[in-house]
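Reading the structure
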Amino acid sequence: AVMSKAKGALELLSAEPSAQELARQRELAEFTWEHSLAVAREEARAEGAAEGEARGKADGEARGKAEGKAESKAEAILSVLAARGLLVPEPVAAEVRRCRDWEQLEAWLCRAVVVGSAGELLA
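Residues numbered from 1 in each chain as written. Predicted model: local features only at pLDDT ≥ 70, side-chain atom pairs only at ≥ 80, totals over all residues. Heavy atoms only, no water.

**A short note on helix α1 (residues 2-15)**
One turn of the α-helix equals 3.6 residues, which is why residues spaced by three or four share an orientation. Between its terminal C-alpha atoms α1 stretches 20 Å, which fits the 20 Å expected from 14 residues at 1.5 Å a residue. Burial analysis of α1 places just zero of its 14 residues in the buried class, a small minority of the element. (Helix = DSSP H or I, 4+ residues; strand = E, 2+ residues; numbered from the N terminus. Expected span 1.5 Å × (residues − 1). Buried < 20%, exposed > 50% of the residue type's maximum accessible area, 1.4 Å probe, protein only.)

**Focus on the packing of aromatic side chains**
Taken as a whole and assessed by the stated rule, the structure comprises zero aromatic pairs. Over the ring of tryptophan 102 we find lysine 69, and its NZ or CZ is 5.7 Å from the ring centre. (Phe/Tyr/Trp six-rings, centres within 6.5 Å; stacked < 30°, edge-to-face > 60°. Lys NZ or Arg CZ within 6 Å of the ring centre and 35° of its normal.)

**A closer look at the confidence of the model for the protein chain**
Confidence in the prediction of the protein chain, expressed as mean pLDDT, is 87, and 100% of residues score 70 or more. Least confident of the elements in the protein chain is α1, whose mean pLDDT is 76; most confident is helix α3 (residues 90-98), at 96. (pLDDT = per-residue confidence, 0-100.)

**So, the nonpolar core**
Among the nonpolar cores identified, the biggest contains 16 residues, and Ile77, Leu81, Val96, Leu105, Trp108 and Leu121 are the most heavily contacted of them. Mapped onto this core, the elements with two or more residues apiece are α2 (17-83), α3, α4 (102-112) and α5 (118-122). In terms of residue count, the dominant contributor to this core is α2 (five residues). With near-sequence residues (within four places) excluded, leucine 81 lies in contact with Leu86, Val88, Ala112, Val115, Ala118 and Leu121. (Core = buried A, V, L, I, M, F, W, Y, C linked by side-chain atoms within 4.5 Å. Contact = heavy atoms within 4.5 Å.)

**A closer look at the packing of α2 against α3**
Relative orientation of the contacting elements α2 and α3 amounts to 150°, with a least axis distance of 8 Å. Overall, the two elements α2 and α3 adopt an arrangement that is roughly antiparallel. Residue-level inspection shows Ala74, Glu75, Ile77 and Leu78 of α2 in contact with α3, the latter providing Ala93, Val96 and Arg97. (Axes fitted to C-alpha atoms, helices over the stretch in contact; angles between N-to-C directions. Parallel < 35°, antiparallel > 145°, perpendicular 65-115°, else oblique.)

**Quick word on the pattern of salt bridges**
All chains considered together, the criterion is met by eight salt bridges. With a shortest N-O distance of 2.9 Å, glutamate 67 and arginine 100 are connected by a salt bridge. With glutamate 67 in helix α2 and arginine 100 in the loop between α3 and α4, the pair connects residues that are 33 residues apart, well separated along the chain. What makes arginine 100 partly exposed here is its relative accessible area of 34%. Across the pair arginine 97 and glutamate 75 runs a salt bridge, and its minimum N-O distance is 2.7 Å. Note that arginine 97 is positioned in helix α3 and glutamate 75 in helix α2, a separation of 22 residues in sequence. A relative accessible area of 35% means that glutamate 75 is categorised as partly exposed. Each of Glu67, Glu71 and Arg100 takes part in salt bridges that share partners, so that together they form one network. (Salt bridge = Lys/Arg side-chain N within 4 Å of Asp/Glu carboxyl O.)

What follows is the structure, encoded as structure tokens:
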């Protein structure tokens, strides 16, 4: 009996125009909220992707600059040896060109000025 009275009251309220309007407003509010969340998620994803791309680009540029500086330093070492009239065997030249350790390259550049042969550079 109580359940049927409750069901009847609910049906009466549901038929009430003001209750129907409130239900429509609630549905619209829920839809608007869900849409806003979806838009915010997409904007956050796009922003994160853009930040990641920018970081990746900056890292790549920094690595490229460091690589270029190391290559230039290696060529400077080989140029010093050649300018001093020292024969530079290909294995020595390849080792110098492969090196990306800035401190090692600096040490080799200083040694290139005083070594008696290119082979002594790596010793």
